[in-house]
Amino acid sequence: MAEDVYKNFGKIKAVDHISFDVKPGEIFAFLGPNGAGKSTTIKMLTTMLRPTDGKLTLAGYDVTKEQAKVRQSLGIVFQDPSLDEELTAKENMELHAALYHVPKPEQAKRIDDLLKLVGLSERRDSYIKTFSGGMRRRLEIARGLMHHPKVLFLDEPTLGLDTQTRNVLWDYVKKLSKVEGMTIFFTTHYLDEAEEVAERIAIIDHGKIVASGTSKELAKQTKTKTLEQAYLKLTGEDIRDETSDSYDGLNMKSATRLRSLRG
Amino acid sequence: MQILSVLWLRQMRRYFRSRSRIIGSIGQPLLFLLALGYGLGAVFERAGQGDYLQFLVPGIIMQTILFSSIFWGAIIIFDRRFGFLSELLVSPVTRLRILLGSALGGATITLIQALLVFFIAIAIGFRPENWLSVPLAVGVMGLMSLTLANFGAGLASAVEDFQGFQAINSFVMFPLFFLSNALYPLNNAPDILRIIASINPLSYAVDGLRYILLGESHFSIGLDIGVLLVALVVATAFAVNRFNRIQV
């Protein structure tokens, strides 16, 4: 998936020559402290940011050269909300279907099925501004699946969700991977989720991948018992700068962001 | 085409669902029309300039277009703030289409607002010289709406947040409006004001509309249309250029 990729913001190395491979149909967790380079990596993989150099492929397409095909092949649930609040659930879904060229006759059925799946059928004609955080998240996931992506990115999808919603969400993600063969690439700060859901895990810190493998392999490599212990051993106990991983991107050029990207 | 119409429809839905927006955005032009139209009417007439309301209406219509289209063009700022821009930019649709779809929606809404003001003006006594020229006037309003919607989209892509947009309000929109011929004739204005107003594209839009509706013109209709077409090209190029660089 990524080969020797790096991204510099000025002199700052946000992502420093990383390489990793995610197998088709695999559930892959990408972990790291705030500012480690997780979001930058996702942005590069989803064509939102060009790597300074290196080669990225997704679903067999070159990410920088075949942008349209790459975009058609991926679904993403962003870290921050990305729904149109003034439209209804159904209208948000329809807009997405149009953006991804889902054939008209299929749209209605897919929207019905997906809304049912995330338990929002009854709220299909409600405005998003009346939705709770969990409902928005579920709708965003349904929306991301609308165009049958080969790879689904979930950037901290469970942030701020209650345990029930989290469980439903991960059960569904596991089913997608198993039944549909969809590749899942996700980030999270909840290590229990990674341990439970992910087939393979990579840990990134200071823009470099410091370890990868199954959760058991990671524990073994670090001579610890749990993923959490392994994670802390690899990335240290220090608290990181909170702002660096925020996804707004508005202050991309500001000094604070650059400083914090260093990690 | 489908994408353009879907993005256009999104704008229209947002507009028609917010009654406060509709009312709020014609409130200001209405205030100008009534307060200035009646307040300065007598002075204007005594100075031998004729009926001020007649003179003022094209100016106020263009003011409506200026404020409304830049606001709706600037929907990009809102989309960025509320995250929806990410959804648009990560999709396989090209940025040019996203921009055009949104701008066409903004321009349509603006034209609706301008027509509302036009109808209100007629209701309070405005009379075009020739009713047959009204479709042509609507054409000029539409042209200016599209130009300014693109200009607004370009500005919105260039600034980063609401505060930046407020600054545009103070430093771009109000000067464009007040330093034009929208409220006063240029023939007797001081040289400096006349020169500034003459390099302001809005003056040509107002002048063109005045010519079409009233048969009066300070520049000439040919020059007016020429300036408006150039402004459309420049504004579109500016918007495309800035929107292509936007990052979320």
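The rules behind each value
- Residues numbered from 1 in each chain as written.
- Chains lettered and ligands numbered in written order.
- Predicted model: local features only at pLDDT ≥ 70, side-chain atom pairs only at ≥ 80, totals over all residues.
- Helix = DSSP H or I, 4+ residues; strand = E, 2+ residues; numbered from the N terminus.
- Buried ≥ 20, exposed ≤ 12 C-beta atoms within 10 Å, placed from the backbone.
- Contact = placed C-beta atoms within 7 Å.
- Axes fitted to C-alpha atoms, helices over the stretch in contact; angles between N-to-C directions.
- Parallel < 35°, antiparallel > 145°, perpendicular 65-115°, else oblique.
- Left-handed = near helix turned anticlockwise from the far one by under 90°.
- Nonpolar A, V, L, I, M, F, W, Y, C, P; charged D, E, K, R; others polar.
- Pairing = 2+ DSSP bridges.
- Expected span 1.5 Å × (residues − 1).
- Bend = angle between axes of the 7 residues up to and from the residue.
- pLDDT = per-residue confidence, 0-100.
- Core = buried A, V, L, I, M, F, W, Y, C linked by C-beta atoms within 7 Å.
- Arc of directions from axis to C-beta.

Peer 1: Just checking my understanding: could you explain the overall build of chain B for this structure?
Peer 2: Broken down by element type, chain B carries 12 helices and zero strands. Counting from the amino terminus, helix and strand elements in chain B follow one another as α-α-α-α-α-α-α-α-α-α-α-α. Burial analysis of chain B (248 residues in total) assigns 46% to the buried set. Relative to all contacts within chain B whose residues are 6 or more apart in sequence, the contacts with residues 24 or more apart total 80%.

Peer 1: Mind showing me how you'd approach the overall build of chain A here?
Peer 2: For chain A, the count of helices and strands is 10 helices and 10 strands. Put simply, 66% of the contacts in chain A that link residues at least 6 apart link residues at least 24 apart.

Peer 1: It is not clear to me how the packing of helix α1 (residues 2-16) of chain B against helix α7 (residues 95-123) of chain B should be interpreted in this structure. Could you clarify?
Peer 2: Packed helices, taken two at a time, are described by the angle their axes make and the gap between the axes. Residues and elements named next belong to chain B. Here α1 crosses α7 at 40 degrees, and the two axes come no closer than 8 Å. The pairing of α1 with α7 is recorded here as oblique in orientation. In the crossing of α1 with α7, the sense of the turn from one axis to the other is right-handed. Counting all contacts with α1, which are made through Ile-3, Leu-4, Leu-7, Trp-8, Arg-10, Gln-11, Met-12 and Tyr-15, the residues of α7 involved are Arg-97, Ile-98, Leu-100, Gly-101, Ser-102, Leu-104, Gly-105, Gly-106, Thr-108 and Ile-109. Per-class residue counts for the contact of α1 with α7 are 10 nonpolar, six polar and two charged.

Peer 1: I keep staring at the sheet that holds strand β7 (residues 151-155) of chain A and nothing clicks. Help me out?
Peer 2: Backbone-to-backbone hydrogen bonds pair the strands of a sheet. The strands run either parallel or antiparallel. All names here are of chain A. Judged by pairing direction, the sheet is mixed, and its six strands sit side by side in the order β6-β7-β8-β3-β9-β10 without closing on themselves. Bordering the open sheet on either side are β6 (74-77) and β10 (208-213), each of which pairs with just one other strand. Ignoring strand direction, the axes of neighbouring strands in this sheet form an average angle of 15 degrees. Note that strand β3 (residues 27-31) and strand β9 (residues 200-205) share four bridges and pair parallel. Paired with Ala-29 across the strands is Ile-201, a residue of β9. In the packing of helix α1 (residues 38-45) onto the sheet, contacts are made with β3, β7, β8 (183-187) and β9, and the angle to β7 comes to roughly 150 degrees.

Peer 1: What's the story with the interface of chain B and chain A in this structure? I'm lost.
Peer 2: Where interface size is quoted, it is often the accessible area lost as the parts come together. Across the boundary between the two partners, chain B contributes 21 residues, which contact 23 residues of chain A. Residue assignment for the side of chain B that touches chain A shows that the elements contributing at least two residues are α1 and α6 (84-89) of chain B. Considering every element that reaches the side of chain B that touches chain A, the biggest residue donor is α1(B), with six residues. Broken down by class, the residue content of the side of chain B that touches chain A amounts to nine nonpolar, five polar and seven charged.

Peer 1: Help me understand helix α2 (residues 19-39) of chain B in this model?
Peer 2: For the α-helix, the turn length of 3.6 residues means that residues three or four positions removed from each other point alike. Residues and elements named next belong to chain B. The end-to-end C-alpha distance of α2, which contains 21 residues, comes to 29 Å, matching closely the 30 Å that a straight helix rising 1.5 Å per residue would cover. Largest kink in α2: about 30 degrees, centred on Gly-27, with the proline Pro-29 one to four residues after it. Residues of α2 that are buried: Ser-25, Pro-29, Leu-33 and Gly-37. On the buried face of α2, the contacting elements are α3 (41-46), α4 (52-73) and α7.

Peer 1: It is not clear to me how the confidence of the model for chain B should be interpreted in this structure. Could you clarify?
Peer 2: Note: predicted coordinates in regions of low pLDDT should not be interpreted at a detailed level. Of the residues in chain B, 100% reach a pLDDT of 70 or more, and the chain-wide mean stands at 91. With a pTM of 0.85, the predicted complex shows an ipTM of 0.86.

Peer 1: Hey, could you run me through the packing of α4(B) against helix α8 (residues 134-158) of chain B in this one?
Peer 2: Residues and elements named next belong to chain B. Between α4 and α8, the least distance of the axes is 7 Å, while the angle of their chain directions is 40 degrees. For the pair α4 and α8, the sense of crossing is right-handed. Between α4 and α8, the contacting residues are Ile-61, Met-62, Ile-65, Leu-66, Ser-69, Ile-70, Phe-71, Trp-72 and Gly-73 on the first element and Met-141, Met-144, Ser-145, Leu-148, Ala-149, Asn-150, Phe-151, Gly-152, Ala-153 and Ala-156 on the second.

Peer 1: Which parts of the structure should I look at to understand the nonpolar core?
Peer 2: Buried together is how nonpolar side chains tend to be arranged in soluble globular proteins. Core analysis: the largest hydrophobic core is formed by 136 residues, its most contacted members being A:Phe153, B:Ile61, B:Met62, B:Leu66 and B:Leu209. The element best represented in this core is α4(B), accounting for 14 residues. Ignoring sequence-local partners within four residues, the contact set of B:Leu66 consists of B:Leu148, B:Met173, B:Leu176, B:Phe177 and B:Leu202.

Peer 1: So what exactly am I meant to see when it comes to α1(B) here?
Peer 2: All names here are of chain B. The terminal C-alpha atoms of α1, which comprises 15 residues, lie 21 Å apart, in line with the 21 Å expected from a rise of 1.5 Å per residue. Buried residues of α1: Leu-7, Trp-8, Arg-10, Gln-11 and Tyr-15, and no others. Viewed end-on, α1 has its buried residues packed into an arc of 150 degrees, placing them on one side of the element. Exposed positions of α1 whose direction lies more than 90 degrees from the buried face are Gln-2 and Phe-16.

Peer 1: Any chance you could explain the environment of A:Ser212 here in plain terms?
Peer 2: Residues and elements named next belong to chain A. The residue Ser-212 is located in strand β10 in this model. Separated by 183 residues in the primary sequence, Ser-212 and Ala-29 have C-alpha atoms spaced 9.7 Å apart. Residues in contact with Ser-212, not counting those within four places in the same chain, are Phe-20, Arg-200, Ile-201 and Ala-202.

Peer 1: Would you explain the environment of B:Pro175 in this entry?
Peer 2: Tracing the backbone shows B:Pro175 in helix α9 (residues 162-178). Through-space distance from the C-alpha of B:Pro175 to that of B:Val117 is 21 Å; in sequence the pair is 58 residues apart.

Peer 1: Quick question: what am I supposed to make of the pairing of β6(A) here?
Peer 2: Residue and element names in this part refer to chain A. Neither face of β6 is exposed, since Leu-74 and Ile-76 on one face and Gly-75 and Val-77 on the opposite face are all buried. Here four bridges tie β6 to β7, and the two strands are oriented parallel to one another. Note that in β7 the partner of Gly-75 across the bridge is Leu-152.

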